[in-house]
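As a plain string of letters, each chain reads:
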Amino acid sequence: MSDPRLVPANGRVANEALRGTVEADRYVTPTPMTVGHVTTPLRAQPHDIGAPRQKELILGETFDMLEDDGTWAFGQCARDGYVGYVVRAALVEPTVTATHVIAARQSLLIDHPRIRNADEPLPLSFGTRVEVLESVDDFASVLIPFTFDDRDAHKTTTGGYLPLAHLRPLDQHEPDPVAVAERFLGTPYHWGGDSGFGIDCSGLVQAALIACGIACPRDSDQQITLGEAATGPTRRGDLIFWKGHVAMALDEQVMIHASAHRMAVVQEGIEAAAARIAAQGDGPIIARRRITPPRG
């Protein structure tokens, strides 16, 4: 049975590739759009800002739009295939050719390539995709897709400078998912969050794995199928699952996770966490999965 979270159809419209597979009033070829807000929620339903948040989209990523009513857009996230609704104003036509991604938990887009820079920098999250134009000392001159700008409300692209140390070329992958996850230590817990400003347990795992070139779905019940069952002592990088929760092992005794109990990304002893989670009524560890990062 198909996972509805991953089926690009809502009854009114469906991806043309699903013709003959699902019923819809019409079938369309998706229009690739670019996220132009620093972050924006992907929601289960339109027309209600309180509709359940499923996940977040990050500035610069692709959203394959299937329906646009002027206020909301329905479509599919290219990063992981998740389907839902985003505010239409958060999307722009592709105008920037991304070459790099922010690899730091957060960065600041500034007006001048100097440490003593201008006021009002723009905070950007891990995972933000940018086009690097040139390097200037320790900074990169970049373009970003952006749907509003105080200087010109009609602009859909803006520029500035980011520290070179915060950027990674898109064609280069991180070697260690655990090291990526550790950059988020102290990040506030945010259910449905996927950014350096707030993140949840499965969002943390997804961010770490995708940075290492490992395809990863969004939710923990989907992630439990990754890799293979881990046997023997817990190893660095093993994924540890409870019902509705996932953590990543730092070593045989310690794990890192986005904890609703602590309301932050924290390191915690595996045994102590398992005892606490069981005591609060959320059951025992149900699986441990081992993933081998791709070479190169």
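Reading the values: the criteria
- Residues numbered from 1 in each chain as written.
- Predicted model: local features only at pLDDT ≥ 70, side-chain atom pairs only at ≥ 80, totals over all residues.
- Heavy atoms only, no water.
- Phe/Tyr/Trp six-rings, centres within 6.5 Å; stacked < 30°, edge-to-face > 60°.
- Helix = DSSP H or I, 4+ residues; strand = E, 2+ residues; numbered from the N terminus.
- Buried < 20%, exposed > 50% of the residue type's maximum accessible area, 1.4 Å probe, protein only.
- Arc of directions from axis to C-beta.
- Contact = heavy atoms within 4.5 Å.
- Pairing = 2+ DSSP bridges.
- Core = buried A, V, L, I, M, F, W, Y, C linked by side-chain atoms within 4.5 Å.
- Disulfide = S-S within 2.5 Å.
- Salt bridge = Lys/Arg side-chain N within 4 Å of Asp/Glu carboxyl O.

This structure, assessed with the given rule, holds two aromatic pairs. Ring centres of Phe74 and Tyr85 lie 5.0 Å apart, and the angle between their planes is 45°; this geometry places the pair in the tilted category. Of this pair, Phe74 sits in strand E7 (residues 72–77) while Tyr85 sits in strand E8 (residues 83–87), and the two are eleven residues apart along the sequence. Under the relative-accessibility criterion, Phe74 is labelled buried at 3%. Judged by relative accessible area, which is 7%, Tyr85 ranks as buried.

Right, let's talk about helix H4 (residues 270–279) for a bit. For H4, the full list of buried residues reads Ile270, Ala273, Arg276 and Ile277. Taken end-on, H4 shows its buried residues confined to a sector of 130°, consistent with a single buried face. Exposed residues on H4 whose side chains face more than 90 degrees from its buried face are Glu271 and Ala279. Looking at the buried side of H4, the elements it contacts are strand E20 (239–242), strand E21 (245–249), strand E22 (254–259) and strand E23 (264–269). Immediately beyond the C-terminal end of H4, within one or two residues, lies Gly281, with a positive phi of roughly 95°.

A few words now on the pairing of E23. Taken together, the six bridges between E22 and E23 define a ladder with antiparallel strand orientation. In the sheet register, Ile256 faces E23, and the bridge partner there is Gln267. Where E22 hands over to E23, the hairpin turn is made up of four residues, of which Met263 adopts a positive phi near 60°.

To continue, consider helix H2 (residues 201–211). With ten of its eleven residues buried, H2 lies for the most part within the structure. Along H2, the residues that are buried comprise Cys201, Ser202, Gly203, Leu204, Val205, Gln206, Ala207, Ala208, Leu209 and Ala211.

Below, the discussion takes up the environment of Thr39. Within the element layout of this structure, Thr39 appears in strand E4 (residues 39–43). Take Thr39: its relative accessible area is 24%, and that puts it in the partly exposed class. For the pair formed by Thr39 and Gly20, sequence separation is 19 residues and the distance between their alpha carbons is 35 Å.

It is worth spelling out the nonpolar core at this point. One finds Phe184, Leu204, Leu209, Leu239, Met248, Ile256 and Val265 to be the most contacted residues of the largest nonpolar core, which totals 28 residues. For this core, the secondary-structure elements that each account for two or more residues are helix H1 (177–182), H2, E20, E21 and E22. Looking at which element gives the most residues to this core, the answer is H2, with seven residues. Sequence-distant contacts of Ile256, defined by excluding residues within four places in its chain, comprise Ala181, Glu182, Leu185, Leu204, Ala247, Met248, Leu250, Val265, Val266 and Gln267. Counting twelve residues, the second largest nonpolar core, distinct from the first, contains Leu59, Leu124, Val142 and Ile144.

Turning next to the state of the cysteines. All chains considered together, the criterion is met by zero disulfides. For the unlinked cysteine Cys77, the closest cysteine sulfur is that of Cys216, found at 12 Å. Taking relative accessible area as the criterion, Cys77 reaches 1% and is therefore assigned buried. Looking at Cys216, it has no disulfide partner, and the nearest cysteine sulfur is the one in Cys212, 11 Å off.

In total, this model carries 20 salt bridges according to the counting rule given. Among the ionic pairs, Arg53 bridges to Glu56, the shortest N-O distance being 3.3 Å. Classification of Glu56 by relative accessible area gives buried; the value is 6%. Taking the shortest distance from any N to any O, the salt bridge between Arg236 and Glu182 comes out at 3.9 Å. Remark: Glu182 occurs in helix H1 and Arg236 occurs in the loop between strand E19 (228–229) and E20; sequence separation between them is 54 residues. Residue classification places Glu182 among the partly exposed residues on the basis of a relative accessible area of 28%.

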